[in-house]
Amino acid sequence: MAANAITLFRLFLTFIVIGLFRRNVYIDIACIVTILIIFILDSVDGIVARKQNQTSTFGAVFDIAADRIVENVFWIFFAAMEERLIPFWLPIAVVTRGFLTDGVRSIALTEGKTAFEMSSAAWSRALTSSRFSRGLYGLTKMLTFIFLPATLVLKDIYPNIQIVDTFSLVSVIIAYIAVAMCIIRGIPVLVDGWRYIKPEPE
């Protein structure tokens, strides 16, 4: 299936970026462009699946799993690298939220409900599955993972320019916004998922 192949390619590109970043400034710039491509492909795989009428439960689960891998790898990488671009609690928060929501979604899946089908209330669907919410969250993640490495490239090229420090601050602020959105968008999943995990009345 073409959509799943695109998703798999995104994962491949993610690990290429991690393996090559900080080799030299030109490779770093290429890595930043590749990160942009990774996030563009995140939209393309869904479009391809719908246009080819190849949507499936496996495809939906695989896409979510790939999203988790991509974002967790980047969050951890930028927190753990020598320059410590972000505090380590940010990836901890993202990973914890991911385990909780995906655990609930896996339980709902046993009852035939995919991640987006388990939303019952309008506010829940607006936060988790609306195009606006998904697009805005994807944009903040993309900007985070482009701005953070771009800060290092700018420092390499212009080590003594004050505006680079401002750019660095902006990138961290965007990272905080992305994590806040991650947590906020996870709340409806836990609320909607409670009916799948609460004990049955005796």
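Heads up: these notes are all about the structure in this document. (Residues numbered from 1 in each chain as written. Predicted model: local features only at pLDDT ≥ 70, side-chain atom pairs only at ≥ 80, totals over all residues. Heavy atoms only, no water.)

1. Overview of the overall build of the protein chain
Keep this limit in mind: Secondary structure elements are taken from DSSP: a helix is a run of H or I of four residues or more, a strand is a run of E of two residues or more, and numbering for both begins at the N terminus. Remark: exposure states derive from per-residue accessible area (1.4 Å probe, protein chains only) relative to the maximum for the residue type, with buried under 20%, exposed over 50%, and partly exposed in between. Whether two residues touch is decided by their heavy atoms; if any such pair falls within 4.5 Å, the residues are in contact. Areas reported here follow the Shrake-Rupley algorithm with a probe of radius 1.4 Å; residue values treat only the protein chains shown as occluding.
In terms of regular secondary structure, the protein chain is built from 7 helices and 0 strands. Helices and strands in the protein chain line up, N terminus first, as α-α-α-α-α-α-α. Within the protein chain, the proportion of its 202 residues that are buried is 44%. Counting contacts in the protein chain only where the partners sit at least 6 residues apart, residues at least 24 apart contribute 75% of the total. Accessible surface computed for the protein chain: about 11000 Å², of which carbon and sulfur atoms make up 68%.

2. Section: the packing of aromatic side chains
Here is the rule: Paired rings are identified among Phe, Tyr and Trp, the last through its six-membered ring, by centres lying within 6.5 Å, and are further divided according to the angle between planes into stacked (under 30 degrees), edge-to-face (over 60) and tilted (the rest).
Counted by the stated rule, this structure contains 11 aromatic pairs. Consider the rings of phenylalanine 39 and phenylalanine 145, whose centres lie 6.0 Å apart with planes at 35°: the pair is tilted. Of the two residues, phenylalanine 39 is situated in helix H2 (residues 25-51) and phenylalanine 145 in helix H6 (residues 131-157); the sequence distance between them amounts to 106 residues. A centroid spacing of 5.3 Å and a plane angle of 40° characterise the contact between phenylalanine 74 and phenylalanine 145, whose relative ring orientation is tilted. Of this pair, phenylalanine 74 sits in helix H3 (residues 57-80) while phenylalanine 145 sits in helix H6, and the two are 71 residues apart along the sequence. Assessed through its relative accessible area of 0%, phenylalanine 74 is described here as buried. The exposure class of phenylalanine 145 is buried, given its relative accessible area of 0%. What links up through ring pairs into an aromatic cluster is the set Phe21, Phe39, Phe74, Trp75, Phe77, Phe78 and Phe145.

3. Quick word on the environment of aspartate 156
Relative to the elements of secondary structure, aspartate 156 occurs in helix H6. Aspartate 156 sits 132 residues away from asparagine 24 along the chain, and the two C-alpha atoms are 9.4 Å apart. For aspartate 156, the residues in contact, after removing those within four places along its chain, are Arg22 and Asp28.

4. Section: a nonpolar patch on the surface
For the record, the criterion: Patches here: salt-bridge-free residues with over 30% relative accessible area, like charges joined within 9 Å, nonpolar side chains (Val, Leu, Ile, Met, Phe, Trp, Tyr) joined within 5 Å. For this document, the term salt bridge refers to a Lys or Arg side-chain nitrogen within 4 Å of an Asp or Glu carboxyl oxygen.
On the surface, Tyr26, Ile29, Val33, Ile37, Ile157, Tyr158, Ile161 and Ile163 cluster together into a nonpolar patch covering about 790 Å² of accessible area. Assignment of secondary structure puts isoleucine 29 in helix H2. Judged by relative accessible area, which is 37%, isoleucine 29 ranks as partly exposed.

5. A look at the side chain of threonine 34
This is how it is decided: Polar contact is defined as a pair of N or O atoms within 3.5 Å, subject to the rule that within protein one atom must be able to donate a hydrogen and the other to accept it, and that residues adjacent in sequence are counted only when both atoms are side-chain atoms.
Looking at where threonine 34 falls in the secondary structure, it is placed in helix H2. Accessibility expressed as a relative area gives 18% for threonine 34, which makes it buried. For threonine 34, the side chain forms a polar contact with the main-chain oxygen of alanine 30, separated by 2.8 Å. Sequence-distant contacts of threonine 34, defined by excluding residues within four places in its chain, comprise Leu13 and Val17.

6. Examining the pattern of salt bridges
Evaluation of the coordinates by the stated rule reveals 9 salt bridges. One salt bridge connects aspartate 67 with arginine 10, and the closest N-O pair in it is separated by 3.0 Å. Here aspartate 67 is found in helix H3, whereas its partner arginine 10 is found in helix H1 (residues 2-20), with 57 residues between them in sequence. Neither residue differs from the other here; aspartate 67 and arginine 10 are each classed as buried. Each of Arg10, Asp42, Asp63 and Asp67 takes part in a single network of salt bridges with overlapping partners.

7. Description of the nonpolar core
Inclusion rule: As used in this record, nonpolar core signifies buried Ala, Val, Leu, Ile, Met, Phe, Trp, Tyr and Cys residues forming a set joined through side-chain atoms within 4.5 Å.
Counting residues in each nonpolar core, the largest one holds 40 residues, and the members touching the most others are Ile35, Phe74, Trp75, Phe78, Met81, Ile86 and Phe145. Among the elements of the structure, H1, H2, H3, helix H4 (89-109), H6 and helix H7 (163-197) are those that each provide at least two residues to this core.

Any functional reading would require information that these geometric values do not contain.
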